[in-house]
Amino acid sequence: MDTDRIVILDINQKEDKYSYLSSIESALTQANLDIEALNETIESVNALKPACDKIDYTLSACSGALCGLLDVFFVGKPGESPLGNITDEWFGKRTCDFAKLCGWKGAKEGKDPLKSAIGYLERHYHVPYDQRGMGDAASFVYDLNARNHHFKSLAHNPSLLGLFFSILNQFTNSSHFISDGQMIELVEAEGKFELQGNSILAKLWCGFSNWFCHLMSDISGSSGSSGRGMGIPSPLWTWTNDIIAIKSKLNIPVNQFDKDVSDLALNMYKEGFDFRFQTAQVIPVFINELIVRLLYSIRRLIQYYNSTDENNRSFKEIWSACKPFSNPTVKRMLTVAHGTFCLVDITDATIRGFVSGGGNFNPLEFFLRLNVVGFGRFTICLYGEAKRAMNVHLAEKEAKFAERKKNIVENYIEGLNILKEKYNDQEYITFIDDLKSNDYILAFAKSASLAAKRGVPENEQLKNKSDIDRHFTKQK
């Protein structure tokens, strides 16, 4: 008997009783299902790893470099931006369209349509926190003027915190703004202001409408501004004021770093770095994203057609092979592309910063040219890479354990097959029927085969009628 392999069928315990699997067949079925599950665990590691080749990396880097040059020469900084001029014009048209939705009938003959639309929105969506003119109470004391009040006023922020302060200011007829690293509150900011609405919910809705519509009136400057006008601040730089506001509410001292960063963001805003210019910075980043995903899809589409027979092609398989979403390969390509974009952008911004400073580094020039959107997108890519690396590490540990378990199950299946072969008696126990039908030759052959399977020594096997007669004669 071969004792090198020991096979134990599963034992199930129910209360104080034990039972075995009903048959070897059911044990084999369960073991094969376990193998399939283990194979899925092992193969899951490959699904987490990018399958980029040299061409993928090269195309991604070229896309990032090309869009980086687009950012350098066509976005640049406020006041010198061809794409910035396009976004300014686009926002101006959208302001007019929005004013028409709100009831504006258009500009009178000879009047600037944009100024007329902005003036209409300012009149119909008046708020108490719009201190800006030299005649306002806070202008002289807190240095609020037409060039900075959109940035300093917390309620002018296009963010959740901006909405909170807008609702608060409208309910309490007050104004909150940041000046010189401090949060200032003006009470009774607008003597004639009263928030409309007969209930709390109605007032909340009116407050939200006033906040949003007032932002739309300010997004392209004010009705009295000359030239480009001061729009609403960039949502990626208003956090400098948000931090000061939150620290002030929590009675946490505001340090010099907070003040310096807030002053830098304010100076950038004065130079024209507002929501419109931030949108211009989005364009090359979006183009970079689009090109990489398109290149990924085109390459995989070509590979699919080259490797798949025409009769076996289907739209579902094509989309599965080419979709540029939710797979580690295209995400790695995006990381390379956005990283290259940021390298080109920061190199240009650094050089311009030193040139503008006459050999000394000029931080204002540097940050005016730095594409914050591109760096934000690259940061998201790096976070994704770190998260995938962690998932791969955990999956590899599970796969190694699954490999060891798979070897055990495979040996278990091999042992079950041996048992199945050795104890499959259905073919042989029919020799009784053969004896009944006087088919002795076939019956003796089956009896001998069954004895061989059970390990009966050959000299003791009964292979024919004479052997049987001798055996029973000895027994007597």
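Please read all numbers here as calculations on a predicted model, not as lab measurements.

## With respect to the overall build of the protein
Then, in step 1: When helices and strands are tallied, the protein shows 18 helices and four strands.
Then, in step 2: In the protein, which comprises 476 residues, the share counted as buried stands at 39%.
Then, in step 3: Put simply, of all contacts in the protein between residues at least 6 apart along the chain, 68% involve residues at least 24 apart.
Then, in step 4: When the accessible surface of the protein is split by element, carbon and sulfur atoms take 59% of a total near 27900 Å².

## Let's talk about the packing of aromatic side chains
Then, in step 1: Under the counting rule described, the total for this entry stands at 15 aromatic pairs.
Then, in step 2: Relative to Phe-212, the ring of Phe-208 has its centre 6.5 Å away and its plane inclined at 15°; by these criteria the two rings are stacked. With Phe-208 and Phe-212 both in helix 8 (residues 200-218), this residue pair falls four residues apart, about one helical turn.
Then, in step 3: Members of the aromatic cluster, connected to one another through ring pairs, are Trp-237, Trp-239, Phe-354, Phe-361, Phe-366 and Phe-367.

## A closer look at the environment of Phe-193
Then, in step 1: Relative to the assigned elements, Phe-193 resides in the loop between strand 4 (182-187) and helix 8.
Then, in step 2: Since its relative accessible area comes to 13%, Phe-193 is described here as buried.
Then, in step 3: A C-alpha to C-alpha distance of 9.8 Å links Phe-193 and Ser-174, two positions 19 residues apart in sequence.
Then, in step 4: In this structure Phe-193 touches His-126, Val-127, Pro-128, Gln-170 and Asn-173, once residues within four positions along its chain are discounted.

## Some details on the side chain of Asn-157
Then, in step 1: Within the secondary structure, Asn-157 sits in the loop between helix 6 (149-152) and helix 7 (160-172).
Then, in step 2: Since its relative accessible area comes to 0%, Asn-157 is described here as buried.
Then, in step 3: Reaching out from Asn-157, the side chain makes a polar contact with the side chain of Asp-242 at a distance of 3.1 Å.
Then, in step 4: Ignoring anything within four residues of it in the chain, the contact list for Asn-157 reads Phe-151, Gly-162, Leu-163, Trp-211, Pro-233, Thr-238 and Asp-242.

## Notes on the nonpolar core
Soluble globular proteins tend to bury their nonpolar side chains together.
Then, in step 1: Core analysis: the largest hydrophobic core is formed by 14 residues, its most contacted members being Phe-151, Trp-237, Met-268 and Phe-273.
Then, in step 2: Sorting the residues of this core by element identifies helix 10 (256-270) and helix 11 (275-307) as the ones contributing at least two each.
Then, in step 3: Broken down by element, this core gets its largest block of residues, five residues, from helix 10.
Then, in step 4: Setting aside residues up to four positions removed in sequence, Phe-273 forms contacts with Pro-78, Ser-234, Trp-237, Met-268, Gln-278, Gln-281, Phe-367 and Leu-368.
Then, in step 5: Of all hydrophobic cores here, the second largest spans 13 residues; its members include Ala-155, Trp-211, Leu-215 and Ile-219.

## Some thoughts on a nonpolar patch on the surface
Then, in step 1: Taken together, Phe-171, Ile-200, Leu-201 and Leu-204 make up a surface patch of nonpolar side chains, about 410 Å² in accessible area.
Then, in step 2: Looking at the element boundaries, Ile-200 is found in helix 8.

## Here's the deal with helix 3 (residues 82-101)
Then, in step 1: If you check helix 3, its first and last C-alpha atoms are 29 Å apart, about what 20 residues at 1.5 Å a residue would give, namely 28 Å.
Then, in step 2: Among the residues of helix 3, those classed as buried are Leu-83, Gly-84, Thr-87, Asp-88, Phe-91, Gly-92, Thr-95, Cys-96, Phe-98 and Ala-99.
Then, in step 3: The inward-facing, buried residues of helix 3 contact helix 2 (54-74), helix 4 (113-124), helix 8 and helix 11.
Then, in step 4: Phi turns positive, to about 110°, at Gly-103, one or two residues after helix 3.

## Here's the deal with the packing of helix 9 (residues 239-249) against helix 10
Then, in step 1: In contact at an axis separation of 8 Å, helix 9 and helix 10 are set at 145° when each is read in the N-to-C sense. Of the two elements, helix 9 crosses helix 10, and the hand of that crossing is left-handed. Each of Trp-239, Thr-240, Asn-241, Ile-243, Ile-244 and Lys-247 in helix 9 lies in contact with helix 10, whose residues at this interface are Asp-258, Val-261, Ser-262 and Ala-265.
Then, in step 2: When grouped by side-chain class, the residues that make up the contact of helix 9 with helix 10 number five nonpolar, three polar and two charged.

## Concerning empty space enclosed by the protein
Then, in step 1: Enumeration according to the criterion identifies two cavities of 30 Å³ or more in this entry.
Then, in step 2: A volume near 40 Å³ is recorded for the largest cavity.
Then, in step 3: Around the largest cavity, the lining residues are Phe-151, Pro-233, Ser-234, Trp-237, Ala-265, Met-268, Tyr-269 and Phe-273.
Then, in step 4: Per-element tally for the lining of the largest cavity: the top contributor is helix 10, with three residues.

## With respect to the packing of helix 2 against helix 13 (residues 328-356)
Then, in step 1: Direction vectors running N to C along helix 2 and helix 13 enclose 35°, while the axes themselves pass 7 Å from each other. For helix 2 against helix 13, the interelement crossing comes out right-handed. Along the contact surface, helix 2 presents Asp-56, Tyr-57, Ser-60, Ala-61, Gly-64, Ala-65, Cys-67, Gly-68, Leu-69, Asp-71 and Val-72, while helix 13 presents Arg-332, Met-333, Val-336, Ala-337, Thr-340, Phe-341, Val-344, Asp-345, Asp-348 and Arg-352.

Rules of the game
Residues numbered from 1 in each chain as written. Predicted model: local features only at pLDDT ≥ 70, side-chain atom pairs only at ≥ 80, totals over all residues. Heavy atoms only, no water. Helix = DSSP H or I, 4+ residues; strand = E, 2+ residues; numbered from the N terminus. Buried < 20%, exposed > 50% of the residue type's maximum accessible area, 1.4 Å probe, protein only. Contact = heavy atoms within 4.5 Å. Areas by Shrake-Rupley, 256 points an atom, 1.4 Å probe, with all protein chains shown as cover. Phe/Tyr/Trp six-rings, centres within 6.5 Å; stacked < 30°, edge-to-face > 60°. Polar contact = N/O pair within 3.5 Å; in protein donor to acceptor, adjacent residues only side chain to side chain. Core = buried A, V, L, I, M, F, W, Y, C linked by side-chain atoms within 4.5 Å. Patch = residues over 30% accessible without salt bridge, like charges linked within 9 Å, V, L, I, M, F, W, Y side chains within 5 Å. Salt bridge = Lys/Arg side-chain N within 4 Å of Asp/Glu carboxyl O. Expected span 1.5 Å × (residues − 1). Axes fitted to C-alpha atoms, helices over the stretch in contact; angles between N-to-C directions. Left-handed = near helix turned anticlockwise from the far one by under 90°. Nonpolar A, V, L, I, M, F, W, Y, C, P; charged D, E, K, R; others polar. 1 Å grid on protein atoms, 1.4 Å probe; cavity = no way out; pocket = protein on both sides within 12 Å on 5 of 7 lines; lining within 4 Å. Points joined across faces, edges and corners; volume = space filled by probe spheres on them.

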